[in-house]
Amino acid sequence: MMEQFLYLSTLFDLYGALLTEKQQECLRLHLFEDFSLSEIGEELGISRQAVYDNIHRSEKAMESYEKKLGLAARYSEERQELAKIYESIKDLRQAGNERAVEAILDRLEPFIGRSQEVN
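Given the structure is predicted, the values throughout are model-derived calculations rather than measurements.

Thresholds applied
- Residues numbered from 1 in each chain as written.
- Predicted model: local features only at pLDDT ≥ 70, side-chain atom pairs only at ≥ 80, totals over all residues.
- Heavy atoms only, no water.
- Salt bridge = Lys/Arg side-chain N within 4 Å of Asp/Glu carboxyl O.
- Helix = DSSP H or I, 4+ residues; strand = E, 2+ residues; numbered from the N terminus.
- Buried < 20%, exposed > 50% of the residue type's maximum accessible area, 1.4 Å probe, protein only.
- Lys, Arg positive; Asp, Glu negative; His and termini not counted.
- Contact = heavy atoms within 4.5 Å.
- Patch = residues over 30% accessible without salt bridge, like charges linked within 9 Å, V, L, I, M, F, W, Y side chains within 5 Å.
- Areas by Shrake-Rupley, 256 points an atom, 1.4 Å probe, with all protein chains shown as cover.
- Charge placed at Lys NZ, Arg CZ, Asp CG, Glu CD.

With that settled, consider the pattern of salt bridges. As enumerated under the stated definition, the model contains 5 salt bridges in all. Salt-bridge contacts for Glu25 lead to Arg28; the nearest nitrogen and oxygen are separated by 2.7 Å. With Glu25 and Arg28 both in helix α2 (residues 21-31), this residue pair falls 3 residues apart, about one helical turn. Judged by its relative accessible area of 25%, Glu25 is partly exposed. The salt bridge involving Glu33 is made with Arg28; its shortest N-O contact spans 3.3 Å. Using a relative accessible area of 41% as the deciding quantity, one classes Glu33 as partly exposed. For Arg28, a relative accessible area of 30% translates into the label partly exposed. In this structure, a network of salt bridges that share partners links the residues Glu25, Arg28 and Glu33.

Encoded structure:
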């Protein structure tokens, strides 16, 4: 469940702008505000079934974009590779170069999506 949420969130970040405004709003409320289908329907003035259809079509559209473009897969692969590079650079730390290694690691942190503690 959490994995699906993260996957859809990533797709929304990458491809959400390609959806209609109503699709974007339905997905935003569903994914990030945790609204039920009924609550989204009330908020947007549409039926629960219309909300379901909108969300389902939006997910399918984003999955189609991902299949064609592969941006989410590429992003994930790049983050994994950067994390490996980060760990390799940590291993290069020696007396006298700690500050330089730490500076490089600090520059990498935003790209791997987590904060690392440098020893």
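Text resumes after the structure shown.
Among the secondary structure elements, Glu66 is positioned in helix α4 (residues 48-69). Buried and unpaired, Glu66 has no salt bridge, with Arg74 as the nearest side chain of opposite charge at 10 Å. Discounting residues that sit within four places of it in the chain, Glu66 has contacts with Tyr7, Leu11, Tyr15, Leu71, Ala72 and Ala73.

So, about a negative patch on the surface. On the surface, Asp34, Glu39, Glu42 and Glu43 cluster together into a patch of negative charge. Assessed through its relative accessible area of 69%, Glu42 is described here as exposed.

All quantities given are derived from atomic positions and should not be read as evidence of function.
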